[in-house]
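# Remarks on the overall topology
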Amino acid sequence: MCGLLPGVLHLRSSFKMATALQFPANVSTLNNYNELYPDWTQREVSTGTTIMAVEFDGGVVMGADSRTTTGAYIANRVTDKLTPIHERILCCRSGSAADTQAIADAVTYQLGFHSIELDEAPLVQTAASLFRDMCYRYREELMAGIIVGGWDPRRGGQVYTVPVGGMMTRQPVSVGGSGSSYIYGYVDSNYRPGMSKEECLKFTAGALSLAMERDGSSGGVVRLAVISEQGVERQVILGNQLPKFSTV
Amino acid sequence: MATVSVCQYYPGGFSFENCKRNALLEADINKLGFSSPAARKTGTTICGVVYKDGVVLGADTRATEGMIVADKNCSKIHYISPNIYCCGAGTAADTEMTTQIISSNLELHSLSTGRLPRVATANRMLKQMLFRYQGYIGAALVLGGVDCNGPHLYSIYPHGSTDKLPYVTMGSGSLAAMAVFEDRYRPNMEEEEAKRLVRDAIAAGIFNDLGSGSNIDLCVITKGKVDYLRPHDVANKKGVKTGSYRYKHGTTGVLTKTVTPLNLEVVEESVQTMDTS
């Protein structure tokens, strides 16, 4: 569209004016509560979410649930939150659906351009840095928690996490989203360095199932992706095939 | 890299200058017991389904202003390009203008590329515009069409997030319509079955949601052909009154009659022809 530069996040100009408003206390705000239009027609779409990524020798395993909510309504029960950024780099998105989709589109463009300039596969750290630059620069306006995972020839499988606020750090295993709070204990006690690909897949599927069981904003199916030198392999674990932990 | 389009980029987004003044005015008006005019919303049930040969889009036809029906037969399925149509829920003006802007830009883009536009392009343009306005443009859209890569269906939310799915519903009646879809949707349906499914989903919205009503419009898009069925189903026909409420001549007695002639003389006479071509 005219005037819209690709690879740039267009939101600063309109938002600046909104933040300068001061409403008198007795006046209703822009989004009036109207019983004819229920809550979920006015709330923003959020990816609720549980996302996770684990490094292993030779690649990374990334996983996510598939629920997108607007308030209490599930807008999409089969969302794909594992978004490809480049041939061997994926990102897991959590937070506002609109913000993360816009950021991912912008970074995909920037990384593709950079890769053509270099004439070689981009580093995972570069992709993570691009996410970090955008999430930090617009930290006041955005609500996005992102986990970047991929494989490059220089450093092999890597996982970088870029939480809300715009920090970037490399971690061997990373969880994110509203459901992550419920599985920190499981992840900390069950992760061992040097796990194989199959063990990582089982570990990730187990952790996501536990989170989806307890977090209302996470659910649906489990989507997994394995990134290695050979490329990206994707799998889906349907609701009835999820690992069961409790017999209650 | 960038394609050529006619409109200029105006920096600044929305102007919020009058908001403070409006807020103070609203407080004063409320003290007097009146309420300020509300933006006309389309309440709405809109939905779409991908079937064997293409997509079927459906919409109700009621536009509400608060608790009053402002338009009993408004058209919510908007033209984007010959192979792409878009249903709109939310603020009526926003959906109307947003779809017109993208339709215009898409036509320029199509002339520039020399190809029929793709649904993914329309989706990108819509989501980038809505994201730029951070949700202040209240347009929730169901975008569907058929292009060189087959049939596609997207749902687009006011903040700029999109979902690509085989069946979608939006608007205040979306829960009722989604219930119908979740029960009866199958992949690769035939055209008649798909039309019946969409008709029933919209009917569920019309009869179970106060913000939706009147008739059901359908739009069937296949490769090379578009059937815009307006109305497809008149679900709510106005009933025939059982009694006649006209008073007979002479019911009201005339007490007095005064005739006052107004003496006007023609001073000047001129004729202005209208351009009726």
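Residues numbered from 1 in each chain as written. Chains lettered and ligands numbered in written order. Predicted model: local features only at pLDDT ≥ 70, side-chain atom pairs only at ≥ 80, totals over all residues. Heavy atoms only, no water.

For chain B, the name recorded in an unreviewed UniProt entry is Proteasome subunit beta, with Carassius auratus as its organism. The annotation that UniProt attaches to chain B under Catalytic activity (unreviewed entry) is "Cleavage of peptide bonds with very broad specificity." (UniProt positions renumbered as here; feature names shortened; annotations may be inferred.)

An unreviewed UniProt entry lists chain A under the name Proteasome subunit beta, with Carassius auratus given as the organism. Recorded in UniProt for chain A, the comment headed Catalytic activity (unreviewed entry) runs: "Cleavage of peptide bonds with very broad specificity."

Glancing now at the sheet that holds strand β2 (residues 59–64) of chain A. Adjacent strands of a sheet form backbone hydrogen bonds with each other and so pair up, either parallel or antiparallel. Residue and element names in this part refer to chain A. In space, the five strands of this open sheet follow the order β10-β1-β2-β11-β12, with antiparallel pairing throughout. With one partner strand each, in any of the chains shown, β10 (173–176) and β12 (231–237) form the two edges of the open sheet. On average, adjacent strands in this sheet sit at an angle of 15° to one another, irrespective of strand direction. For β2 and strand β11 (residues 222–228), the ladder comprises six bridges, and the chain directions are antiparallel. Paired with G63 across the bridge in β11 is L224. Where helix α5 (residues 197–214) meets the sheet, its contacts fall on β1 (51–56), β2, β10, β11 and β12, and the angle it forms with β1 comes to roughly 165°. (Pairing = 2+ DSSP bridges. Helix = DSSP H or I, 4+ residues; strand = E, 2+ residues; numbered from the N terminus. Axes fitted to C-alpha atoms, helices over the stretch in contact; angles between N-to-C directions. Contact = heavy atoms within 4.5 Å.)

The subject of this paragraph is the UniProt feature "active site" (unreviewed entry) in chain A. All names here are of chain A. Mapped onto the present numbering, the UniProt feature "active site" (unreviewed entry) falls on T49. Checked against the element boundaries, T49 lands in the loop between α1 (12–19) and β1. Taking relative accessible area as the criterion, T49 reaches 0% and is therefore assigned buried. With sequence-adjacent residues up to four places away left out, T49 is seen in contact with D65, K81, R93, S94, G176, G177, S178, G179, D215, S217 and S218. Within the local environment of T49, its side chain forms a polar contact with the side chain of K81, the two groups lying 2.9 Å apart. (Buried < 20%, exposed > 50% of the residue type's maximum accessible area, 1.4 Å probe, protein only. Polar contact = N/O pair within 3.5 Å; in protein donor to acceptor, adjacent residues only side chain to side chain.)

A separate point is empty space enclosed by the protein. Under the defined criterion, the tally for this structure stands at three cavities of 30 Å³ or more. Quantified by volume, the second largest cavity comes out at close to 40 Å³. What lines the second largest cavity is a set of ten residues, and nearest its centre among them are A:T68, A:A97, A:Q101, B:T162 and B:D163. Elements with a contribution of two residues or more to the lining of the second largest cavity: α2 (97–118) of chain A together with β9 (162–164) of chain B. Counted by class, the lining of the second largest cavity contains two nonpolar, six polar and two charged residues. (1 Å grid on protein atoms, 1.4 Å probe; cavity = no way out; pocket = protein on both sides within 12 Å on 5 of 7 lines; lining within 4 Å. Points joined across faces, edges and corners; volume = space filled by probe spheres on them. Nonpolar A, V, L, I, M, F, W, Y, C, P; charged D, E, K, R; others polar.)

The subject of this paragraph is the UniProt feature "active site" (unreviewed entry) in chain B. Residues and elements named next belong to chain B. UniProt's feature table lists "active site" (unreviewed entry) at T44, given in the numbering used throughout. Considering the arrangement of structural elements, one finds T44 in the loop between α1 (19–32) and β1 (46–50). A residue is classified by how much of its surface remains accessible, and T44, at 0% relative accessible area, is buried. In this structure T44 touches D60, K76, G88, A89, M170, G171, S172, G173, D209, G211 and S212, once residues within four positions along its chain are discounted.

Take unusual backbone geometry next. Residues and elements named next belong to chain B. Put simply, R230 and P231 share a cis peptide bond, and its omega is -5°. Tracing the sequence through the fold places P231 in strand β12 (residues 225–233). In this structure, N188 takes a positive phi of about 55° despite not being glycine. By the secondary structure assignment, N188 is in the loop between α4 (174–184) and α5 (191–208). Given a relative accessible area of 55%, N188 falls into the exposed group.

Our focus in this paragraph is the pattern of salt bridges. In total, this model carries 20 salt bridges over all chains according to the counting rule given. Residues joined in a network through salt bridges with shared partners are B:R184, B:R199, B:D200 and B:D233. (Salt bridge = Lys/Arg side-chain N within 4 Å of Asp/Glu carboxyl O.)

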